[in-house]
Amino acid sequence: MDNLKSQRGFTLPELLIGMILLIIILAAILGVMPASFKAQMYNFEEGANIQDTRVVLNTISDELCNATQITLPGVGGSENSITYRQEGDSMNRTISLGTTSEKGYVLIAAPDGSVKKIGSGRIKSVSFLHKYVSDASESPCKRDISVSVQVQAKTDAPLSDITTNVVTLNAF
């Protein structure tokens, strides 16, 4: 019996204080977790947007770099589609943003009637801007075309806007 009295445990007030502290710590952790998950999803969407945008911009740049003729908007003007020809084309090619069933994709229409869809259904807008080249030493066959692509997966997802310049070296 003396042995039982010499062993001390926690008293009821000590247990209550420990449980209250544990509840406060758990509440703080659980309060931060939803914000952490939301930030993680936002960052994931932003990364997916940037990757999709780069694929679209690289494809458009490759198409326009090999163009022999480009129908440009007026200097300083901007359009949502562009027509051009490549070596051996008898008809124009077109790059534009899809509508209805192709909404969210960039479409590249070839002279043979085939259409290539690029993007993952997340493209919000595409615009082509004709910049004025003021340097007289520039070759007359060089044109800077800015391509802007905004990607948005969901209404609360991040909106990415990336612009690149395409310099065509072919005379047109």
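**Details of the overall build of the chain**
Part 1 of the reasoning: A tally of helices and strands in the chain yields two helices and nine strands.
Part 2 of the reasoning: For the chain, the sequential pattern of α-helices and β-strands runs α-α-β-β-β-β-β-β-β-β-β.
Part 3 of the reasoning: Expressed as a percentage of the 172 residues in the chain, the buried residues total 26%.
Part 4 of the reasoning: Of the contacts made within the chain by residues no fewer than 6 positions apart, 48% connect residues no fewer than 24 positions apart.
Part 5 of the reasoning: Of the accessible surface of the chain, which amounts to about 11200 Å², a share of 58% is contributed by carbon and sulfur atoms.

**Regarding the pattern of salt bridges**
Part 1 of the reasoning: By the definition in use, this model includes three salt bridges.
Part 2 of the reasoning: Close ionic contact of glutamate 45 with arginine 122 constitutes a salt bridge, the shortest N to O distance being 3.2 Å. Within this pair, whereas glutamate 45 is found in helix H2 (residues 12-65), its partner arginine 122 is found in the loop between strand S6 (115-118) and strand S7 (123-130), the two being separated by 77 residues in sequence. Each member of the pair, glutamate 45 as well as arginine 122, carries the same accessibility label: buried.
Part 3 of the reasoning: In this structure, glutamate 63 and arginine 93 form a salt bridge, with 3.9 Å as the shortest nitrogen-oxygen distance. Of the two residues, glutamate 63 is situated in helix H2 and arginine 93 in strand S4 (residues 93-97); the sequence distance between them amounts to 30 residues.
Part 4 of the reasoning: In this structure, a network of salt bridges that share partners links the residues Glu63, Asp89 and Arg93.

**Observations concerning the nonpolar core**
Nonpolar side chains in soluble globular proteins generally cluster together in the buried interior.
Part 1 of the reasoning: Counting 18 residues, the largest nonpolar core has Val56, Ile60, Leu64, Tyr84, Ile95, Val106 and Phe128 as the members making the most contacts within it.
Part 2 of the reasoning: Going through the elements one at a time, H2, strand S1 (67-71), strand S3 (81-86), strand S5 (106-109), S7 and strand S9 (160-167) are the ones with two or more residues in this core.
Part 3 of the reasoning: Examining the composition of this core, we find that four residues originate from one element, H2, more than from any other.

**With respect to the packing of aromatic side chains**
Part 1 of the reasoning: If you walk through the whole model with that rule in mind, you get zero aromatic pairs.
Part 2 of the reasoning: The cationic tip of lysine 117 hangs over the ring face of tyrosine 105; the distance from NZ or CZ to the ring centre is 4.4 Å.

Rules behind the numbers
Residues numbered from 1 in each chain as written. Predicted model: local features only at pLDDT ≥ 70, side-chain atom pairs only at ≥ 80, totals over all residues. Heavy atoms only, no water. Helix = DSSP H or I, 4+ residues; strand = E, 2+ residues; numbered from the N terminus. Buried < 20%, exposed > 50% of the residue type's maximum accessible area, 1.4 Å probe, protein only. Contact = heavy atoms within 4.5 Å. Areas by Shrake-Rupley, 256 points an atom, 1.4 Å probe, with all protein chains shown as cover. Salt bridge = Lys/Arg side-chain N within 4 Å of Asp/Glu carboxyl O. Core = buried A, V, L, I, M, F, W, Y, C linked by side-chain atoms within 4.5 Å. Phe/Tyr/Trp six-rings, centres within 6.5 Å; stacked < 30°, edge-to-face > 60°. Lys NZ or Arg CZ within 6 Å of the ring centre and 35° of its normal.

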